[in-house]
Amino acid sequence: MKNAGPEMQVDIGGLIIKNPVLTASGTFGYGSEYVPYLDITRLGAIIAKGVSLEPRAGNKPPRIMETPCGMLNAIGLENPGVHAFIKEKLPFLRQFSVPVIANVFGETIDDFKRVTELLSESKGVDGLEINISCPNVKKGGIIFGSDPDMAHAVTREVKRLTDLPVIIKLTPNVTDICLIAETVEEGGADAVSLINTLTGMSVDIERRIPHLANVTGGLSGPAVKPIALRMVWQVAKRVKIPVIGIGGIMNASDALEFLIVGARAVQIGTANFINPSATTDIIDGIEDYLKRHNIDDINDLIGTFDEEGNAC
Amino acid sequence: MKNAGPEMQVDIGGLIIKNPVLTASGTFGYGSEYVPYLDITRLGAIIAKGVSLEPRAGNKPPRIMETPCGMLNAIGLENPGVHAFIKEKLPFLRQFSVPVIANVFGETIDDFKRVTELLSESKGVDGLEINISCPNVKKGGIIFGSDPDMAHAVTREVKRLTDLPVIIKLTPNVTDICLIAETVEEGGADAVSLINTLTGMSVDIERRIPHLANVTGGLSGPAVKPIALRMVWQVAKRVKIPVIGIGGIMNASDALEFLIVGARAVQIGTANFINPSATTDIIDGIEDYLKRHNIDDINDLIGTFDEEGNAC
Amino acid sequence: MNGKIVKNQQISAGHFLLRVTLAESFKTPMPGQFVMMRDPGRIDPLLGRPFGVYGFERSQEEVTVEILYKVVGKGTLVLSRLRESDFVEVLGPYGRAFDTYPEAGKVVFICGGIGVAPITYLAQHYRSLAAARDVELICYYGASKAENLVGIEKLKRICSRVFTSTDDGSHGFQGLITERFSADISSYAAGSSKIYACGPRSMLKELSELVAGNSVFCQILMEERMACGIGACLGCTVLLKDGGGRGEHARVCMEGPVFNIGDIHWG
Amino acid sequence: MNGKIVKNQQISAGHFLLRVTLAESFKTPMPGQFVMMRDPGRIDPLLGRPFGVYGFERSQEEVTVEILYKVVGKGTLVLSRLRESDFVEVLGPYGRAFDTYPEAGKVVFICGGIGVAPITYLAQHYRSLAAARDVELICYYGASKAENLVGIEKLKRICSRVFTSTDDGSHGFQGLITERFSADISSYAAGSSKIYACGPRSMLKELSELVAGNSVFCQILMEERMACGIGACLGCTVLLKDGGGRGEHARVCMEGPVFNIGDIHWG
Ligand SMILES: Cc1cc2nc3c(=O)[nH]c(=O)nc-3n(C[C@H](O)[C@H](O)[C@H](O)COP(=O)(O)OP(=O)(O)OC[C@H]3O[C@@H](n4cnc5c(N)ncnc54)[C@H](O)[C@@H]3O)c2cc1C
Ligand SMILES: Cc1cc2nc3c(=O)[nH]c(=O)nc-3n(C[C@H](O)[C@H](O)[C@H](O)COP(=O)(O)OP(=O)(O)OC[C@H]3O[C@@H](n4cnc5c(N)ncnc54)[C@H](O)[C@@H]3O)c2cc1C
Ligand SMILES: Cc1cc2nc3c(=O)[nH]c(=O)nc-3n(C[C@H](O)[C@H](O)[C@H](O)COP(=O)(O)O)c2cc1C
Ligand SMILES: Cc1cc2nc3c(=O)[nH]c(=O)nc-3n(C[C@H](O)[C@H](O)[C@H](O)COP(=O)(O)O)c2cc1C
Ligand code: FES
Ligand code: FES
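Residues numbered from 1 in each chain as written. Chains lettered and ligands numbered in written order. Predicted model: local features only at pLDDT ≥ 70, side-chain atom pairs only at ≥ 80, totals over all residues. Heavy atoms only, no water.

### Describing the overall build of chain C
Convention followed: Counting from the N terminus, the helices are DSSP H or I runs at least four residues long and the strands are E runs at least two residues long. In this description the radius of gyration comes from C-alpha coordinates, and the expected globular size is given by 2.2 Å times residues to the power 0.38. Working definition: with a 1.4 Å probe on protein chains only, accessible area under 20% of the residue-type maximum means buried, over 50% means exposed, and in between means partly exposed. Here, residues are in contact when the closest pair of their heavy atoms is within 4.5 Å. To be clear on the numbers: accessible area is Shrake-Rupley with a 1.4 Å probe, and residue cover counts the displayed protein chains and nothing else.
Counting its regular elements, chain C contains 5 helices and 16 strands. Against the compact-globule benchmark of 18 Å for 267 residues, chain C has a radius of gyration of 18 Å, which places it among compact chains. Once the C-alpha set of chain C is aligned to its principal axes, its extents read approximately 50 × 40 × 40 Å. Residues classed as buried in chain C amount to 56% of the 267 residues present. A separation threshold of at least 6 residues defines the contact pool for chain C, and within that pool the share at least 24 residues apart is 64%. Roughly 10,500 Å² of accessible area belongs to chain C as shown, and the carbon and sulfur atoms make up 49% of that amount.

Right, here's the structure in full:
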């Protein structure tokens, strides 16, 4: 029995999670790294670091650089490949009775399909997040996410091969994110998550070279929050499937902004680096807010934004 | 005779300016506001607040909100209209023997054309910056800037009506800014300037209302610098016309990043609000850097970025 | 310009008195004018924050500016963490000052919460102006509770009468200060009285209704978020009534922060 | 965890000694381990900065961590502005420690610049380990000039011999510390000597060439920009030689910061 606390459970495209706070892919490793620093069992779900069909070495260092209220990363999707993920990482992730969502990356539609099949067969995964938005790889990633037809095709193909809830992760580096969101909704996506990082760069003026070996990287952290929030608001008004908000969420107050404008859940990324227990602190903070505002069920808060509220 | 200092003069599409530091439209009023705080005669050029054919009242307050290392604005292009601009603002602006660039905004192509004609006839303006990138107005602005055909059409029509150098100001809220830049280059633009603001928003979680009456606003300031720099680098590699870099430049070091990746000049926006003499401080800082690096002419620095410099 | 903090002291929960010394080139602020303050070591918060001047002194080599502020968000929190001998950036003084009338009969101040700060500086100015003259300074000061009536002792030294109100009745009248003021309103005749007010928008709006239809002189200090503080960004506007003479929007930092109460469009 | 600053003192131009007290639950760092530090009142700078532990003490109720740092950018600048009784966030200790051998014959430390900090903590550890044993601690310490040989007195108290070099010859040998070391290298036989080094990448690379082909034990502490410090972001990798056993990339924060010198791919 839950004691007095507000109801925090939400449904993200068929996946019922006990609260709306998830870890963002690539910022929580494969879970094990954070075990010493927080009670993982409290998370809504864990989204693991992106996996591809084959192992990937990732980009050369330097891979990260700090920027004003943000950071650039160009990891380049370093990962041991889907086979090793299933064998070596999943068993560990499963032990916390927290839903595990795999983040899937491919250079081709076939890659996406193969990884989806393998993960679905493995039976250890509760949902898939399809990363069509990584800015840090030469092939795949963002290319799929910025072209509605490609985005639609990936979604449709992936959905055909799995019974797992499929979340499509969108890139903000587009003219009209609503269009992409609508297209993947049509393609059968169970939910969309946004935003992935914004492409940026930083220059060492003394040596006139890029700070990152990859030249460009993905911008994340508080700096991007206003952009992420705007996109989440726009997309949540446009599509019927659940929207998961991501981007610069550092604390409960930030998370609440996303929920209020219509996000069904949120993912915490860069904040984990600064405060390893950011996710559970945010869960606590959301609960406190609900209590303070006498809201019994978080679903009664989601999407209650009063757009006209500040217009004279 | 210049005493010993490095050569700072650059050519932006036929407009020769004595140094590459300009004020960004909308952040320097009509010049008069800053007279008490800096030696305006030292500026490379002044870009005035955007003007439209008819006077515009702008958006309702609240119009601004601070965000992490940045700010949102939704002024909505409040301005007295081109006639009043020519009669009341231009004479003042002209007295400093600094080139004056008018920033032109229209809701329709005809608006852009009329304002261009009137400004060209007025003989008081040294260049035009065509704002096809304002995110804070319901009609015009960003719509033109995010559609290559529209961007091309505005450019072509404007160029046809004026002998003044025409700078097209681009929006970052697009999938492929290089495509737009290329298109306006084809359309006859003498230069491009980028970036205008990124669309963002911010929510008051206690009242569940937007912080801005307009709901969304344009994000500027240090937060956006990595994105702006990336776009300037990409565009400078793609087009032959000069590129003017804008976005989050707070000091000489930031300005130098833009110059190194290929910007022929820079515009200083939000920084003016924090430090009214930001522009002249930046001019001094660039000169110091050139001296320290024994560079006699700033044109020998521009575009000297070594992309491979940090790749092992 | 950078100033050096000589004092940044909590005077009641969440309320601080900040005293800064600046180069003597800093201009003497008129009552109602404000300064923009920032921690120069940060770009987050990015923008300066406007504060009415609370006190000012000029000596041979330097000037001292005092502000009284309440911690309400990031900018004021960061300010409250600065300590003696830290630097703080102070730009200004900016904005349109209150119009003052040495020959005034009754001068009435109405302040809500931290609105007391600019009002106190104005009252002080009147006191010095009117030292030898026949001016009566009367203040109405409301706050949520007794502890939040910050700076009331100073006000009492300046004004001949200070009426207070608190939401919880812990000091003075229980209720809004505008209610308390409305009880006395008939004693302030249009010809011989001047009213000045500063406080939350809701208080000023209430006041505008109280004095509407009455031709009494009433100036108020309006607060809005600001970016530049010098009229360049158009970020800080308030709406004026149509035909207010200055167009629909007025910049709080330039046309204000002081406005004639009748000019404001309350929305 | 938040710690309280008891001292943050400039000990030479741009170099600071920071001493922080923390709750006693903070684990005892092994030599070579590091902490991530942040000003908890800021999100700009955003990320923690890694610093090797320089000193550590444990009492009944609390522990004290010392770091020695050089101001090189925004993060260290902000750290240098914190003062006594301010809070600072300290996460850790993180990372793989140096392997130590109480039975070692000659233990050689090579440090360049601020690399002296983690090396000093290691030397101290050796001294305490080996108090009664037959171990000789020898240090080579290079810096740009004499003033930058920070903490040299402490090193001298710990080691039996300390050789120095400076770029300008203002202290010890004029030239690089690796040059100075190479003059003695033949006296450090593979079987009976252990070499530990920390310093700029160029110094470590130089050293790798000096000891290449020699089977002497040599561990180094590598520095890279970090985000998480705990292995989650994959941001801090260095390249290892193929077949290094741990794949192409190794995380400085997890597989390091201590590496066997022979494993690094210098590029
Ligand atoms: C001309 C003028 C004079 C002022 N004088 C004083 C003074 O003497 N003492 C004092 O304590 N405060 C004064 N203020 C208000 C002060 O500027 C704000 O409290 C401050 O900017 C809040 O900054 P923050 O970052 O702490 O809060 P934020 O995090 O920015 O906001 C917290 C809350 O304060 C409100 N707020 C933010 N900025 C302003 C603003 N400029 N005006 C009013 N409300 C705002 C927000 O809407 C929000 O509800 C004055 C404002 C103006 C315009
Ligand atoms: C395991 C480890 C232990 C360290 N121990 C110490 C120590 O005991 N004392 C000390 O003063 N410093 C130490 N450093 C280096 C310290 O972390 C950096 O100097 C610091 O992060 C710079 O931050 P900044 O914001 O001041 O500089 P930035 O503005 O980020 O950068 C300024 C310059 O420093 C370089 N730099 C930035 N981050 C690092 C980094 N993590 N490692 C190396 N160079 C970097 C940049 O490339 C740039 O040239 C250690 C680093 C690591 C990885
Ligand atoms: C170091 C790092 C690695 C990331 N790796 C991935 C990844 O593998 N797959 C993915 O979909 N997103 C990845 N992301 C993007 C994040 O999941 C998230 O979308 C983004 O960082 C914005 O959220 P934040 O501002 O909270 O960090 C990564 C982000 C960072 C900072
Ligand atoms: C308050 C404000 C008003 C602006 N008004 C205009 C405008 O009228 N026309 C225009 O082209 N850009 C306008 N801009 C955009 C700036 O010129 C600039 O492109 C943008 O702010 C990014 O630069 P920054 O980060 O240096 O501020 C405005 C920006 C701000 C902050
Ligand atoms: S604050 Fe910029 S115009 Fe008033
Ligand atoms: S700093 Fe994140 S993996 Fe090392």
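Okay, back to it.
### A few points about the site of ligand 4
Condition: Nearness is defined per residue: one heavy atom within 4 Å of the molecule or strand is enough. As used in this structure description, the phrase polar contact means that two N or O atoms lie within 3.5 Å; if the pair is within protein, one of them must be able to donate a hydrogen and the other to accept it, and residues adjacent in sequence are counted only when both atoms belong to side chains. Amino acids outside the nonpolar list (Ala, Val, Leu, Ile, Met, Phe, Trp, Tyr, Cys, Pro) and the charged list (Asp, Glu, Lys, Arg) are all regarded as polar, and Gly is one of them.
The environment of ligand 4 is made up of 24 residues, and the closest members are Ser25(B), Lys169(B), Gly221(B), Gly248(B) and Thr270(B). The environment of ligand 4 is shared, with nearby residues belonging to chains B and C. Taking Lys49(B), its side chain carries an N or O atom lying 3.2 Å from an oxygen atom of ligand 4. Lys169(B) places a side-chain nitrogen or oxygen 2.7 Å from an oxygen atom of ligand 4. For ligand 4, the protein covers 98% of the area, taking 610 Å² as the surface of the free molecule. Of the residues belonging to the shell around ligand 4, the class tally is 7 nonpolar, 15 polar and 2 charged.

### Overview of the sheet that holds strand 11 (residues 198-201) of chain B
Residues and elements named next belong to chain B. As a reminder of what qualifies: A pair of strands is considered paired only if DSSP assigns at least 2 bridges between the two. Between the N-to-C directions of two axes lies an angle of 0 to 180 degrees, each axis being a line fitted to C-alpha atoms and, for a helix, fitted only over the stretch in contact.
A sheet is described by the order of its strands in space; here 4 strands give the open sequence 5-6-14-11, paired in antiparallel fashion. Two strands lie at the open edges of the sheet, namely strand 5 (64-67) and strand 11, each paired on one side alone. Neighbouring strand axes in the sheet, compared pairwise and without regard to direction, differ in orientation by 40 degrees on average. Strand direction decides the pairing type here: strand 11 and strand 14 (residues 216-220), joined by 4 bridges, are antiparallel.

### Concerning the interface of chain B and chain A
What counts is decided by this rule: Here the quantity called buried area is the accessible surface, traced with a 1.4 Å probe, that two parts lose on coming together, added over both. A pair is scored as a salt bridge if a Lys or Arg side-chain nitrogen falls within 4 Å of a carboxyl oxygen belonging to Asp or Glu.
Counting from both sides, the interface comprises 54 residues of chain B and, opposite them, 54 residues of chain A. Between chain B and chain A, the buried area comes to about 4,500 Å², and carbon and sulfur atoms account for 65% of it. At the junction of chain B with chain A, the criterion picks out 2 salt bridges. Close ionic contact of Arg292(B) with Glu206(A) constitutes a salt bridge, the shortest N to O distance being 3.2 Å. On inspection of chain B and its partner chain A, the count reaches 17 residue pairs in polar contact (both at pLDDT 80 or more). Secondary-structure elements contributing two or more residues to the side of chain B that touches chain A are strand 11, strand 13 (209-210), strand 14, helix 6 (225-238), helix 7 (252-260) and helix 9 (278-292) of chain B. The residue makeup of the side of chain B that touches chain A, split by class, is 31 nonpolar, 14 polar and 9 charged.

### Examining the domain arrangement of chain C
Residue and element names in this part refer to chain C. Under the convention used in this document: These domain limits were set by an automatic method or by a database of domain assignments.
When cut into domains, chain C gives domain 1 (2-94) and domain 2 (106-221). On a C-alpha basis, the centroid separation for the pair domain 1 and domain 2 is 24 Å. Each side of the interface is counted separately: domain 1 has 17 residues, and domain 2 has 14 residues. Buried area between domain 1 and domain 2, both sides added, is near 1,200 Å², and the carbon and sulfur share of it is 69%. By the criterion of area lost to domain 2, the three top residues of domain 1 are Pro31, Tyr54 and Leu68, representing 45% of everything that side buries. Inspection of the domain 1/domain 2 interface yields 1 salt bridge. A salt bridge links glutamate 66 to lysine 154; its shortest N-O distance comes to 4.0 Å. If you look at where domain 1 meets domain 2, you find 2 residue pairs in polar contact (both at pLDDT 80 or more). With 4 residues, the top contributor of residues to the side of domain 1 that touches domain 2 is strand 6 (residues 62-70). Classifying every residue of the side of domain 1 that touches domain 2 gives 10 nonpolar, 5 polar and 2 charged.

### With respect to the site of ligand 1
Residues and elements named next belong to chain C. Taken together, 22 residues form the shell around ligand 1, and within it Arg49, Pro50, Gly75, Thr76 and Glu224 come nearest. Proline 50 is positioned with one of its backbone polar atoms (N or O) 2.5 Å from an oxygen atom of ligand 1. Contact between ligand 1 and lysine 70: an oxygen atom at 2.9 Å from a main-chain N or O atom of the residue. In isolation ligand 1 exposes 840 Å². Once the protein is present, 79% of that is buried. In terms of residue count, strand 4 (residues 49-52) provides more of the shell around ligand 1 than any other element does, 4 residues in total. Looking at the shell around ligand 1, its residues break down into 12 nonpolar, 4 polar and 6 charged. For the shell around ligand 1, the domains that each give at least three residues are domain 1 (2-94) and domain 2 (106-221).

### Some remarks on helix 2 (residues 109-122) of chain B
Residue and element names in this part refer to chain B. Rules: A helix is expected to span 1.5 Å multiplied by its residue count minus one.
Along its 14 residues, helix 2 runs 20 Å from first to last C-alpha, staying within 8% of the 20 Å computed at 1.5 Å per residue. Residues of helix 2 that are buried: Asp111, Phe112, Val115, Thr116, Leu118, Leu119 and Ser120. Here the buried face of helix 2 lies against helix 1 (82-94), strand 7 (100-104), strand 8 (127-131), helix 3 (142-145) and helix 4 (148-161). Where helix 2 ends, the next residue or the one after it, lysine 123, has phi of about 65 degrees, a positive value.

### Some points on the nonpolar core
Put simply, the rule reads: In this description, a nonpolar core means a group of buried Ala, Val, Leu, Ile, Met, Phe, Trp, Tyr and Cys residues linked to one another through side-chain atoms lying within 4.5 Å.
Formed by 302 residues in total, the largest nonpolar core has its most connected members in Ile286(A), Ile286(B) and Ile220(C). When near neighbours in sequence (up to four residues on either side) are disregarded, Ile286(A) contacts Met8(A), Val21(A), Ala252(A), Ala255(A), Leu256(A), Leu259(A) and Ile298(A).

### Here we look at the interface of chain B and chain C
How big an interface is tends to be stated in terms of the accessible area lost upon association of its parts. Counting residues at the interface gives 32 residues for chain B, matched by 26 residues for chain C. Buried area between chain B and chain C, summed over both chains or domains, comes out near 2,400 Å², and the portion from carbon and sulfur atoms is 65%. It is Ile64(B), Glu66(B) and Ile274(B) that lose the most area in chain B upon contact with chain C, and together they represent 27% of the buried surface on that side. The partner of Glu66(B) in a salt bridge is Arg49(C), and the shortest N-O contact between them spans 2.8 Å. Across the contact surface, chain B and chain C share 10 residue pairs in polar contact (both at pLDDT 80 or more). Sorting the residues of the side of chain B that touches chain C by element identifies strand 5, strand 6 (70-73) and helix 8 (271-274) of chain B as the ones contributing at least two each. Here the element with the most residues in the side of chain B that touches chain C is strand 5 of chain B; it accounts for 4 residues. Its residues placed into classes, the side of chain B that touches chain C shows 17 nonpolar, 9 polar and 6 charged.

### Re the relation of the copies chain B and chain A
To be explicit about the condition: To superpose the copies, least squares is applied to the C-alpha atoms of every residue with a pLDDT of at least 70 in both.
For the pair chain B and chain A, the relating rotation is 180 degrees, the translation along its axis is 0.0 Å, and the fit reaches an RMSD of 0.0 Å. Considering both components of the superposition, the chain copies are consistent with a two-fold axis. A high fraction, 100%, of the interface residues of chain B reappear at the interface in chain A, so the copies pair face to face through one surface.

### Looking at the environment of Arg251(D)
Relative to the helices and strands, Arg251(D) resides in strand 15 (residues 249-251). Judged by relative accessible area, which is 16%, Arg251(D) ranks as buried. Separated by 18 residues in sequence, Arg251(D) and Cys233(D) place their C-alpha atoms 9.2 Å apart. When residues no more than four places from it in sequence are discounted, the contact partners of Arg251(D) are Glu33(A), Gly231(D), Leu234(D), Cys236(D), Thr237(D), Gly256(D) and Phe259(D).

### Some words on the environment of Val21(A)
Residue and element names in this part refer to chain A. As for its position among the elements, valine 21 is in strand 3 (residues 21-23). For the pair valine 21 and glutamine 267, spaced 246 residues apart in sequence, the C-alpha to C-alpha distance is 6.0 Å. Not counting chain neighbours up to four residues away, the residues in contact with valine 21 comprise Leu43, Gly44, Ala45, Val266, Ile268, Thr279, Ile282, Ile283 and Ile286.

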